[in-house]
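Overview (structure and organization)
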Amino acid sequence: MWLTRVAIGNPYLAAVAMLAIVVLGLFSWQRLSVEEFPDIRFPVAVVTVGYPGAAPSVVESEVTRPLEEAVNAINGVKNIRSYSFEGSSVVVVEFVLTIDPNRAVQDVRDKVAGVQGRFRREIGVPTVNQVNPNDDPMMTVIVASASASPRTLTTHADQVVRKRLQTVPGVGEVQLVGGVKRELRVHIDPYRMQALGLDTTEVVNALRNANQDFPAGRVQDINRDYSVRLSGKLASPEAFGQITVGVRNGAPIRLDDVAQVLDGQEEYNSLALINGQRALSIEIKSARGANVVDTSAGVYAALDELRKNLPAGMTLTVIKDQSRQVKNSLADVKMTLLEGAALTVLIVFVFLASWRSTVITGLTLPIALIGTLFAIAVAGFTLNVMTLLALSLSIGLLIDDAIVVRENIVRHARMGKGHYQAAVDGTEEIGLAVLATTLTVVAVFLPVGFMGGIIGKFFQQFGLTVTVAVLISLLVSFTLDPMLSSIWHDPHAAGAAARGRLAQALARFEAWMDRQAERYARALAWALAHRKTTLAAASALFVGSLLLAPVVGGEFVPKSDTGKFIVKFKTAPGSSLEYTEAKAREVEALLRRQPEIKDVYSNIGGGFAAGRNQATLRVFTTPKAERERSVFALFAPIRQDITQLAGVQLESIEAEGGPGGGGKPVRVGIRGADFATLAVIANQLRGKLAAIPHVSDVESSFDDADPALSVEVKRDAAARAGVNLDRVGATLSTLLAGT
């Protein structure tokens, strides 16, 4: 082969080429992002719209349906799912996998922007985001203090801690859970307002007009320009009390005359509990494509800086760190890779019985593995479980070509040929067979890199990594191995007898292998003499394997015991935040019955479209080496305890971690025009599914409506009083929900 002749004739060229591959791989290794699983981008867009105070039926008719009709006209839409909650609407638009995710999200944004102008002014601005299956927070930091008030704690966490963490490279989003911000509260006295002839609209307009700044233009003299601004922002609660809200009989009426102004805090919208105690949590999400390990290290460094200037009694504690799991997973795969490489080299040495031959063939491993890192970087892949698994699997394949080439070169050398000629003839003789073997492996793994569907997206990096590694090993086998064989003589290859205990042990092993070969020859002769029996046994084994396939079962990825799992439950519709908090404490007490439980972090009302009656508990167990049961063995007793707790409906118990995020594996959709009929069918189907063995946590998306008070306006009386429906609604909204 010409490539082999060039390498043998120019040994420095071959050596430098291999060295260049290694150097490029080492430089790429330093720059590769590290994550647990590949960063998969699905063409799925989520539209979220807020409509404060609106009932689900109103949200559906005024927000959800117009959005569905708009996005349904986009090319490539596969499915549209919508969720209408009290006060919010969520529309999930799924495209076919061939659509570019960025283009899909932009198309949805364009369509939503066209609908937004037709919404009522009370409806919030729609937000469009792309789905990230690994969008769970990478870190959770608990901010706690034994002396500071919740408002003070929230202010420091929001103004100092959160802003500092947002500047860490790789951090994408920082969210506060369980915080309460400062809020100026105006308690109106309706009797005094009635006595003075004031209504709520006048007070609201007076507050709005008196608390704002105005840009008033510019003035200039001969040498200088001046910007003119009217400063109207109020700086204290006392200043708000002095606002004039009306004039009666020439006398001004101030806000203090009809209301009480308090410097307070907003109502809790969510709560965070750590081991049963209220705390403020900061959930940190990494930016897309960021190195999770480096980002985590940056967050720890920022927290160390923040701790130096914390107020007395305030603490910052990391309760969750995804980078630990990533580092542990990658460390396990790396150790497996190193063990496989070491065992491979050892086996090569035992069978070839020559340390020079072992070195020549063993060089294929580091060159191919390190060189593949350069290809991974060029392709935009990351260092994750799938790429490292591909490298681990490739170890046995990489050295095959080198062993075959080296063994044939040694055979030609023992025939009395010179080392140069033996290297040329041995490689050319076996070159076509080696090339065919390698291309066969490529033909198996290359299509894996181009599979369609969700599985194909996860295995793309796996298939292409194996392909590149095998091709690099083929290049090494046709260049470096023959070149080294031609200039680095092996005395044993020329027929010289080896001495020493190790050489004698290897000789005995080779003699034992020769005897096994003789036995194999006799077994092969028997199989050829009894062809029908051999074919019948092979057929029976094949058919039996097919029959066992349904028994084995299947799943997307194997279950992984990461020492963490999630418990989700909800209380009765309309339950207050405090009631759900009390039930979360009871659930935590039930969890504590299991000795493996270490920490419990509760998030109440802070999840996806979560109401005040929904809670998510993240449970952390002791290390795997310190417990006898896996997290999956804990699910059954925990599920039994929680289902017996009054006032709590268990939604799910699932392990945390793994590709693609969490969620239940099976979803059944029921469609129809009559919602009441759908609800009846859903409840019936739910009961039948729950009766199936091994099925648990059956949940329906239909929830009972929250308790509500319906106000009906007497239109004739309102018309006689000069009051319209809009004014009544605005007044009620101001008095009950604030403004």
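Residues numbered from 1 in each chain as written. Predicted model: local features only at pLDDT ≥ 70, side-chain atom pairs only at ≥ 80, totals over all residues. Heavy atoms only, no water.

1. Considerations on the overall build of the protein chain
Along the protein chain, the regular secondary structure elements total 24 helices and 19 strands. The C-alpha atoms of the protein chain give a radius of gyration of 36 Å, which is well past the 27 Å a tight globule of 739 residues would have. Here the C-alpha coordinates of the protein chain stretch approximately 125 × 80 × 55 Å along the principal axes. For the protein chain, with 739 residues in total, the buried portion stands at 38%. Counted over contacts in the protein chain with a minimum sequence separation of 6, partners at least 24 positions apart contribute 75%. Placing the 74 positive and 71 negative side-chain charges of the protein chain at their respective mean positions leaves the two points 3 Å apart. (Helix = DSSP H or I, 4+ residues; strand = E, 2+ residues; numbered from the N terminus. Rg over C-alpha atoms; globule rule 2.2 N^0.38 Å. Buried < 20%, exposed > 50% of the residue type's maximum accessible area, 1.4 Å probe, protein only. Contact = heavy atoms within 4.5 Å. Lys, Arg positive; Asp, Glu negative; His and termini not counted. Charge placed at Lys NZ, Arg CZ, Asp CG, Glu CD.)

2. So, the confidence of the model for the protein chain
Residues at a pLDDT of 70 or more form 95% of the protein chain, whose mean pLDDT is 84. Under a pLDDT of 50 for its full length, residues 493-497 has, in the predicted model, 4 contacts with residues more than four places off or in other chains. (pLDDT = per-residue confidence, 0-100.)

3. Side note on the packing of aromatic side chains
Counted under the stated rule, the structure contains 5 aromatic pairs. Note on F459 and F462: the rings are 5.9 Å apart at their centroids and 85° apart in plane angle, and the pair reads as edge-to-face. One end of the pair is F459 and the other is F462, both in helix α16 (residues 453-478) and 3 residues apart, which spans about a single turn. Among the residues examined, F462 registers a relative accessible area of 10% and is labelled buried. Arranged with centres 5.9 Å apart and planes meeting at 75°, the rings of F632 and F635 form a pair that is edge-to-face. In this pair, F632 and F635 both sit in helix α21 (residues 631-643), 3 residues apart, roughly one turn of the helix. By relative accessible area, F635 is classed as buried at 10%. Aromatic rings pair up to connect F445, F459 and F462 into one cluster. (Phe/Tyr/Trp six-rings, centres within 6.5 Å; stacked < 30°, edge-to-face > 60°.)

4. Quick look at the pattern of salt bridges
The final tally for this structure, using the stated rule, is 25 salt bridges. Here R81 makes a salt bridge to E94, at a shortest N to O gap of 3.6 Å. Taken together, the positions of R81 in strand β2 (residues 77-85) and E94 in strand β3 (residues 88-95) put the pair 13 residues apart, joining distant regions of the chain. Residue class for R81 comes out partly exposed when judged on its relative accessible area of 35%. The partly exposed category is assigned to E94, whose relative accessible area is 22%. The shortest N-O distance in the salt bridge between D321 and R324 comes to 3.6 Å. Salt bridges sharing partners connect three or more residues here, namely E62, R120, R121 and E122. (Salt bridge = Lys/Arg side-chain N within 4 Å of Asp/Glu carboxyl O.)

5. As for the environment of A413
Examined against the element boundaries, A413 turns out to sit in helix α14 (residues 385-414). With 65 residues separating them along the chain, A413 and V348 place their C-alpha atoms 19 Å apart.

6. Side note on the pairing of strand β16 (residues 564-570)
Within a regular beta strand, the side chains point alternately toward one face of the sheet and then the other, so they alternate between its two faces. Taking burial as the measure, the 7 residues of β16 include 6 buried ones, the bulk of the element. Note that β16 and strand β18 (residues 614-621) share 7 bridges and pair antiparallel. In the sheet register, F569 faces β18, and the bridge partner there is A615. Here β16 pairs with strand β19 (residues 649-655) via 6 bridges, running antiparallel. By the bridge assignment for β19, F569 is matched with L650. (Pairing = 2+ DSSP bridges.)

7. Considering the sheet that holds β3
Reading across from one edge, β2-β3-β1-β4 is the order of the 4 strands in this open sheet, with antiparallel pairing throughout. In this open sheet, the two strands that pair with only one neighbour each are β2 and β4 (127-130). Going across the sheet, the axis of each strand differs from the next one's by a mean of 15°, ignoring polarity. As paired elements, strand β1 (residues 44-50) and β3 share 7 bridges and run antiparallel to each other. Considered in β3, the bridge of T48 is made with V90. The sheet contacts of helix α3 (residues 56-71) involve β1, β2 and β3, and relative to β2 the element is tilted by about 165°. Contacts from helix α4 (residues 101-116) reach β1, β3 and β4, with the element oriented near 170° to β4. (Axes fitted to C-alpha atoms, helices over the stretch in contact; angles between N-to-C directions.)

8. Description of a nonpolar patch on the surface
A contiguous nonpolar patch, built from L343, L346, I347 and F351 and spanning about 410 Å² of accessible area, is present on the exposed surface. One can find F351 in helix α11 (residues 322-352). (Patch = residues over 30% accessible without salt bridge, like charges linked within 9 Å, V, L, I, M, F, W, Y side chains within 5 Å. Areas by Shrake-Rupley, 256 points an atom, 1.4 Å probe, with all protein chains shown as cover.)

9. Structural notes on the environment of A646
Within the secondary structure, A646 sits in the loop between α21 and β19. Its relative accessible area of 55% is what places A646 among the exposed residues. When the C-alpha atoms of A646 and T571 are compared, they prove to be 9.4 Å apart, with 75 residues separating the residues in sequence.

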